[in-house]
There are 2 protein chains.
Amino acid sequence: MTPDLQTDDLRPDYEDDRNFATTLARGLSVLRAFRAGDDGLTNAQIAERTGLPKSTVSRLTFTLGCLGYLTQPQRNDRYRPGPTLLAMGHVAAASLAFLDPAQDMMQALADQTGTLVLFAVRDRDKVALMRTWRPQRAASIWLEVGHRLPIGSSSSGLALLGASTRDEFAALLAEGPEAPLDGTPLADLRMQARNQLIAQGFAVVPQGLRYSTNISAVSVPFRSARLAGPVAFSCGALDDVLPADRIQAQVGPMLRDTVARLQRLVGTDGIPAWSGSPND
Amino acid sequence: MTPDLQTDDLRPDYEDDRNFATTLARGLSVLRAFRAGDDGLTNAQIAERTGLPKSTVSRLTFTLGCLGYLTQPQRNDRYRPGPTLLAMGHVAAASLAFLDPAQDMMQALADQTGTLVLFAVRDRDKVALMRTWRPQRAASIWLEVGHRLPIGSSSSGLALLGASTRDEFAALLAEGPEAPLDGTPLADLRMQARNQLIAQGFAVVPQGLRYSTNISAVSVPFRSARLAGPVAFSCGALDDVLPADRIQAQVGPMLRDTVARLQRLVGTDGIPAWSGSPND
DNA sequence: GCTGCCATTCCACTATGCGGAACGCAAGCC
DNA sequence: GGCTTGCGTTCCGCATAGTGGAATGGCAGC
């Protein structure tokens, strides 16, 4: 079994072959093999996760080691994220500076609703959790930062779809995201999501498409001037804590209003992330 | 003038030539060209910052674009950090999870002392600021996250030096960090720093080595099990706010005790980061 | 000592990435 | 309108950087 297989067939079909730097893509896929949970990976594990031949991995990890992106505490030990990688992370983190004011608002939201609040970004064909806020007292430790959700069947993914411009959507499709369970085309889902956002300001996954049968969630997209695409905030909990009617009546609106307050605070024109025509 | 020249002569002397993947290193240096401040870089800017030829940069940005590390909001526009880069940042960020409990402690420290509190990590031949806490009321906006300090002449750098093991120090030297102004060898500085840490639990830059003539700072190293090397917390302010005697009598000890409390909280055996013989 | 398991090293091959120069495009300016 | 400047992409022959299967060398442990 290959639980976590990342088998990027790097160079999907970026027809523009000639300009695509394979070595770079492979090296990055090595870095990407590291997940929040596991600390330390052996070359063999990396090879398995990336699908690259061992000798190639060996050379790449060597290079990344030289540059400080990976470190081996002692020789012949597993690799861990190195200082340079951390430093690079901050550049990314800086783009997320708007989360500083969000911090308290989202924590409060988590406490008031008793749900897990998530902040998520599209990562290729998935949605990656970048931050979570747990209600103070309560609840199953449940989704880790770094976890990746399917785009087509998570409410976070839907919110991103609904908020994406035509170009962004095209770019997204090119990553070949997994289709939702019932085969609804992503373009349709995008319109559904957009309609939900326009009608009520938040998005939920339609019945029957939920990838998890006992977790409910509701999501709202967000845009920052500093960021290229939309991102999403979500509230999630076990079904019995968060039934559909509670989403509609309480949690959805609260999330929507919280995000709107943040949007105003951060000052990105106060225009909701999904506004504009589907073709803009 | 080349203000920000990054002229990594990648492949310094990693004799092990054959195994070094140049393309990967170059691609990463492109990503590293992005700083917290500037949003969006043109290919030409990247070429200037990295010292790579234009055509090479073009191909690399193309690749990074395909993979989502960079995005062009619209074609032929400047590149910005993309979603994949953000997602990768979180892996790094996850290694810094221990900063969550630090959050409040450091903010309180900033408020009480009226100094800027910094969290810094070594990044190749420099020290990179990863987080800052400003005193609530007060003070010049002054050092941005992402800023890089010289190792040999900043107190953060000294703390890292003093806390590094023999191997870590060797690795650090290999990056060829800038020597301090008066030419003191880094090995000597490391011993001085270590002595300061043993004697009083915090480190300051010796008179005359300060790279900035009107800013004073004091630093304490820290270790997390999840991290490969030591990191540092510092308090800094303008000279007149933070004269040497105030560091000794008040701010230094407060910083030391705060970090010690964090160290205990996080549970990394409570052993100070600099303990052990210089050769361990 | 035998057996997995993992990392590193070797080596011949060729696709890959290189970079100077040419091209195309869009602004700004006489 | 034409001339210039600056940027990004494309072209293309060349050298070599990167490849990956197989062999080698260490560890650890029923």
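So, a few notes on the structure that sits alongside this text. (Residues numbered from 1 in each chain as written. Chains lettered and ligands numbered in written order. Predicted model: local features only at pLDDT ≥ 70, side-chain atom pairs only at ≥ 80, totals over all residues. Heavy atoms only, no water.)

Turning our eyes to something else, we now look at the pairing of strand β4 (residues 126–133) of chain A. Residues and elements named next belong to chain A. In terms of residue burial, β4 counts as a mostly covered element, since six of its eight residues are buried. The hairpin formed by strand β3 (residues 116–123) and β4 contains two residues between the paired strands, and R124 there has a positive phi angle of roughly 55 degrees. Where β4 meets strand β5 (residues 148–150), three bridges bridge the pair, whose relative direction is antiparallel. Counterpart to V127 in the pairing with β5 is L149. (Buried < 20%, exposed > 50% of the residue type's maximum accessible area, 1.4 Å probe, protein only. Helix = DSSP H or I, 4+ residues; strand = E, 2+ residues; numbered from the N terminus. Pairing = 2+ DSSP bridges.)

Before going further, it helps to spend a moment on the protein's contact with DNA strand D. The environment of DNA strand D is formed by 20 residues, the closest being R59 of chain A together with R18, T22, N43 and A44 of chain B. Here DNA strand D approaches the protein such that, of its atoms within 4 Å, sugar and phosphate make up 57%. Separating a phosphate oxygen of DNA strand D from a side-chain N or O atom of R59 of chain A is a distance of 2.5 Å. At the level of secondary structure, the elements contributing two or more residues to the surface near DNA strand D comprise α1 (22–32) and α3 (54–67) of chain A together with α1 (22–32), α2 (43–50) and α3 (54–67) of chain B. Split into classes, the residues belonging to the surface near DNA strand D amount to four nonpolar, 11 polar and five charged. (Near = heavy atom within 4 Å. Polar contact = N/O pair within 3.5 Å; in protein donor to acceptor, adjacent residues only side chain to side chain. Nonpolar A, V, L, I, M, F, W, Y, C, P; charged D, E, K, R; others polar.)

Attention now moves to the pattern of salt bridges. Under the counting rule described, the total for this entry stands at eight salt bridges over all chains. The shortest N-O distance in the salt bridge between R148 of chain B and D123 of chain B comes to 2.6 Å. In this pair, R148 of chain B is assigned in strand β5 (residues 148–150) and D123 of chain B in strand β3 (residues 116–123), connecting sequence segments 25 residues apart. D123 of chain B matches R148 of chain B in its accessibility class, with the two residues each being buried. With a closest N to O distance of 2.8 Å, E168 of chain B and R223 of chain B form a salt bridge. Taken as a pair, E168 of chain B in helix α7 (residues 166–173) and R223 of chain B in the loop between β6 (215–222) and β7 (231–238) lie far apart in primary sequence, 55 residues in all. Salt bridges linked by common partners bring R32, D123 and R148 of chain A together as one network. (Salt bridge = Lys/Arg side-chain N within 4 Å of Asp/Glu carboxyl O.)

Relative to chain B, chain A is turned by 180 degrees and slid 0.1 Å along the rotation axis, the superposed coordinates differing by an RMSD of 0.1 Å. What we have between these two chains is a two-fold relation. Interface overlap between copies: 100% of the residues of chain A at the interface are likewise at the interface in chain B, consistent with a symmetric, same-surface contact. (Least-squares fit on C-alpha atoms with pLDDT ≥ 70 in both. Contact = heavy atoms within 4.5 Å.)

The next thing to look at is the interface of chain A and chain B. Taken together, the 57 residues of chain A in the interface contact 57 residues of chain B. Both faces considered, chain A and chain B share a buried interface measuring about 5,100 Å² in area, 71% of it formed by carbon and sulfur atoms. Broken down residue by residue, the surface that chain A buries against chain B is led by L24, L86 and H90 of chain A, which jointly contribute 13%. For the interface between chain A and chain B, the tally reads zero salt bridges. Scanning the region where chain A abuts chain B turns up four residue pairs in polar contact (both at pLDDT 80 or more). Of all the secondary-structure elements, those providing two or more residues to the side of chain A that touches chain B are α1, α3, β2 (80–81), α4 (83–95), β3 and β4 of chain A. Residue contributions to the side of chain A that touches chain B peak at 12 residues, all from α4 of chain A. The residue inventory of the side of chain A that touches chain B, partitioned by class, reads 32 nonpolar, 11 polar and 14 charged. (Buried area = accessible area lost by both parts, 1.4 Å probe.)

This brings us to the packing of aromatic side chains. Residue and element names in this part refer to chain A. A complete count under the given rule lists six aromatic pairs over all chains for this structure. Summarising the aromatic geometry, the rings of F119 and F233 are spaced 5.1 Å apart at their centres and angled 45 degrees between planes, so their arrangement reads as tilted. Of this pair, F119 sits in strand β3 while F233 is found in strand β7 (residues 231–238), placing the two residues 114 residues apart along the sequence. Across the pair, F233 and F119 agree in class, each one buried. (Phe/Tyr/Trp six-rings, centres within 6.5 Å; stacked < 30°, edge-to-face > 60°.)

Turning next to the nonpolar core. If you look at soluble globular proteins, the nonpolar side chains tend to sit buried side by side. In terms of nonpolar packing, the biggest core is built from 48 residues, with L28 and L31 of chain A together with L28 and L31 of chain B touching the most fellow members. Counting residues per element, the ones that place at least two in this core are α1, α2 (43–50), α3 and α4 of chain A together with α1, α2, α3 and α4 (83–95) of chain B. Excluding residues that lie within four positions of it along the chain, L31 of chain A makes contacts with L64, Y69, L70 and L85 of chain A together with L28 and M88 of chain B. (Core = buried A, V, L, I, M, F, W, Y, C linked by side-chain atoms within 4.5 Å.)

Take D123 of chain A: its relative accessible area is 1%, and that puts it in the buried class. When neighbours within four sequence positions are excluded, D123 of chain A is seen to be in contact with R32, A128 and R148 of chain A together with T84 and A87 of chain B.

Residue and element names in this part refer to chain A. Here we have five strands laid out as an open sheet, ordered β5-β4-β3-β7-β6, and antiparallel in their pairing. Two strands in the sheet have a free side with no partner beyond their single neighbour: β5 and β6 (215–222). Here the strands of the sheet are splayed against their neighbours by 35 degrees on average, with no regard to which way each runs. Examined bridge by bridge, β3 and β7 share six bridges and lie antiparallel to one another. From the neighbouring strand, L116 faces β7, where its bridge partner is G236. (Axes fitted to C-alpha atoms, helices over the stretch in contact; angles between N-to-C directions.)

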